[in-house]
Each structure stands twice: as C-alpha cells, then as structure tokens.
Amino acid sequence: NLERDVKEWEAKTLDISRKSADYQRLKGSVQRVQGLYDRLLATMQTLDVNKEVSPESVTIMEPASPGFPDKPKHTKRLLTAGLIAVALSIGLLLFLDHLDDRINSFTELQDLFDENVLVQIPREKADGKRGQLKLVEKEDERHSFVEAYRNLRSSLLYMAEGGQRPKTLLITSSIPNEGKSLTAANLAITLANCGARVLLVDADLRKGVLHNRFGIQVEAGLCEVLAEGAGWEGLVKASGFPNLFLLPRGGTTQESSELFISSATAKFLQEAEAGYDFVLLDTAPIMAADDVTSLAPHINTVLFVLRAEHTSARVARAALELLYQRQVKVLGIVFNAVRPSSADYYYYYKYKDYYKTYPAAKSKS
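Remember, predicted model here, so these are calculated numbers, not experimental data.

Here we look at empty space enclosed by the protein
Picture a little ball the size of a water molecule; that probe, rolled over the atoms, points out where space is still empty.
Then, in step 1: One pass over the full model with this rule turns up 1 cavity of 30 Å³ or more.
Then, in step 2: Its boundaries defined by the atoms lining it, the largest cavity holds a volume of some 40 Å³.
Then, in step 3: Along its surface, the largest cavity is lined by Leu 222, Leu 226, Phe 260, Thr 265, Phe 268, Leu 269, Leu 281 and Leu 295.
Then, in step 4: Top contributing element to the lining of the largest cavity by residue count: helix α9 (residues 263-275), with 3 residues.

See the structure below:
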C-alpha cells in the first residue's frame, strides 16, 4: 500500500512541478508587459500637446506678397500633347508601312524583283454601266493608256531571245482583280492592229469573262474542246477588231487543271500556233488555282501582271516561284494601274499634251 501511495504522490508531484513551471512563465510575461506599459506611459507623459508655442521663437523673414491667381499652363500642355501625338503617329505609320508590302511605285518594283518590267500602264477611270474600262479603240483619246500597250507590244516583238518571237503567250497574275484579262484583250488588239493574225483564248475555265468584254454570246468554247474533243476552229468567234479572233471559255468546270495536262491541250496549242501569228491565253490567277502551273509549261512565255498599290510583294514572289519550279519562262512584269501622279510615272504623263491634235494652219493667199 505504501508503494502504491508513493507512486500516486510522485505523479501528483510531477503535475505540480509542470503547473509551477507554467506559472513562472506566465508571471515573466506579465512582468514584461508591465514594463512595456510603464515605458509607454512614461513616454506619453513627456509629451504635452497643449503646450503653446513661444512667440519669441518665431521670426518674420520676409513680408507676404500680394496674392494673385495661378495661371494654368494650357499652351505648354497642348504643345507637349501635340508633340507626343505626332511622334506616336509617325511611329504608327512606320509600323504599318513595315507590315504593308504592297508595291506602290516603279522603284519599289525594281528593288523587289529581278524580272524585267516591260511597261507601266497608267490608271484610268472606269466608265460604262458595268464600271469596266473600255478596250482600246482606233481613235482612242486615252493616249498614255494606248501607248503603254504599244510599248508592251514592242517588248514582245523585240525582246525575243535568239531572234525568235514567242507565238504562244500566257497572261496571268498572282491574285484576282489585277487586270490580267484587260491586259490580254488590249495586247491582242494592239498586236492585231499591226497586221498580225491573233487568237485570243479565254483559258480561265472557272470565271472567264472575255466574251462579255467583246459583247459575244457563246454556248461552247475551250472547255468543250478539251473536255469533249469538239473542233476548236468552228468555235472561234470574230471579235469585231480586224485580224483578232476569240475562242471563248464556253462552259465552266472545276477540273480545268486536269484538262490542261491532257494531250488535248497540247494538240490544240500546236494547231492554233500553226494557224495564227500569235496565240494569247488569259488564265486564272496563279494563287487561286493550279490551272496556270499546269498550262504554262506548254506555252512559249508568260506575262505576269502586277497591279500597283494592290498586290503584296510576298504573294507575287510566291506566285513567280511556282512558275519557276515548273521551268516556265517569264518574259517580264506588266505594272498595271499605276497612279499617273506618282513620281516614277510623272515623266511619262507630263507629255500627254504631245498627242493633242491641232487644226491645220490656213495658208495665206
């Protein structure tokens, strides 16, 4: 019993010792808090917020000046804001110019492309109900416009390598709305005006519109020749211009690239080349379909139309590379719709009065 009592008292002793240690720790914390409180109280007692400032400690160094309203600096602020706006505008324009790679001038075209630039065709205003440019005429008053196509004709006739002129010529562009169909039609008319027999072929079997430009109603054309084996001579139409004949598109098809790589295309071109002095083919844009890259290897040379302020240089270069990959000969670039007021074209345009006709002087009797 004594041993059991001893163990109980030992347990109680340990518990009392633990409680005593907690008590001493709490007591120490109370003493530290009390010390902090005493120091804070002593500090507060040293402060007297109600103490008045002694007049002897203040000295007037300079008398106050008369009051005046503060003038806001609007002019300076407006000038600063204007300079910042101009700087931001210039930076934005430079950034947009860096992103915009459209070709705006003849100089830019020469810097970006190694191909020959055959001609600059000036921009003309569209007229008529359809808003299209008229084809060149015999007594056309658009002198600079007509002379540009005559210049293109001369390039075709005298730039031939080895003295042999190309008889089959394909006119194309990289993207739609660059003026390739109008260029093909006007070049054909200009060639026919010098006495050559010219066959203009609408080889855009998807959206060709040459028959509309010449005002011809057709039911069959090149599509039927290549797809059904129809005789092409009977489908050729008179264009209304001397020595110029048109083989229209005929029907439409989405398999034109397959037709162009067939033997029927080679046979047609061989026969047409034998019957005419020049065969001009208007085709779909290179980047829009595979038609041109399938047809161009059968042709002597290619004219690449590039519209000013419209065509991306990167896209045009990619289209030309597609032609070169198929060993196609590109005669040169036709720079179309050039603004007459541009610096590179001004020297041509300023002589437009040279073409004016003046009444003959009356002889004195």
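Here we look at the confidence of the model for the protein chain
Then, in step 1: Per-residue confidence for the protein chain gives a mean pLDDT of 84; residues scoring 70 or more make up 87%.
Then, in step 2: Here helix α12 (residues 343-349) stands out as the element of the protein chain with the lowest mean pLDDT, 56, in contrast to strand β6 (residues 278-282), whose mean of 95 is the highest.
Then, in step 3: Note on residues 358-365: pLDDT under 50 across the span, and 1 contact to partners over four residues away in sequence or across chains.

Description of the layout of surface pockets
Then, in step 1: Roughly 790 Å³ of volume is contained in the largest pocket.
Then, in step 2: Around the largest pocket, the lining comprises 31 residues; the ones closest to its centre are Pro 176, Asn 177, Glu 178, Gly 179 and Lys 180.
Then, in step 3: Mapped by element, the contributors of at least two residues to the lining of the largest pocket are β1 (117-122), α5 (180-193) and β8 (330-338).
Then, in step 4: Of all the elements, α5 adds the most residues to the lining of the largest pocket, at 3 residues.
Then, in step 5: Here the lining of the largest pocket is composed, by residue class, of 13 nonpolar, 8 polar and 10 charged.

Considering unusual backbone geometry
Then, in step 1: Phi is positive for Asn 243, close to 70 degrees, though the residue is something other than glycine.
Then, in step 2: You can see Asn 243 is positioned in the loop between β4 (237-238) and β5 (244-247).
Then, in step 3: Backbone geometry places Gln 327, a non-glycine residue, at a positive phi of 60 degrees.
Then, in step 4: Tracing the backbone shows Gln 327 in the loop between α11 (313-325) and β8.

The rules we used
- Residues numbered from 1 in each chain as written.
- Predicted model: local features only at pLDDT ≥ 70, side-chain atom pairs only at ≥ 80, totals over all residues.
- Heavy atoms only, no water.
- 1 Å grid on protein atoms, 1.4 Å probe; cavity = no way out; pocket = protein on both sides within 12 Å on 5 of 7 lines; lining within 4 Å.
- Points joined across faces, edges and corners; volume = space filled by probe spheres on them.
- Helix = DSSP H or I, 4+ residues; strand = E, 2+ residues; numbered from the N terminus.
- pLDDT = per-residue confidence, 0-100.
- Contact = heavy atoms within 4.5 Å.
- Nonpolar A, V, L, I, M, F, W, Y, C, P; charged D, E, K, R; others polar.

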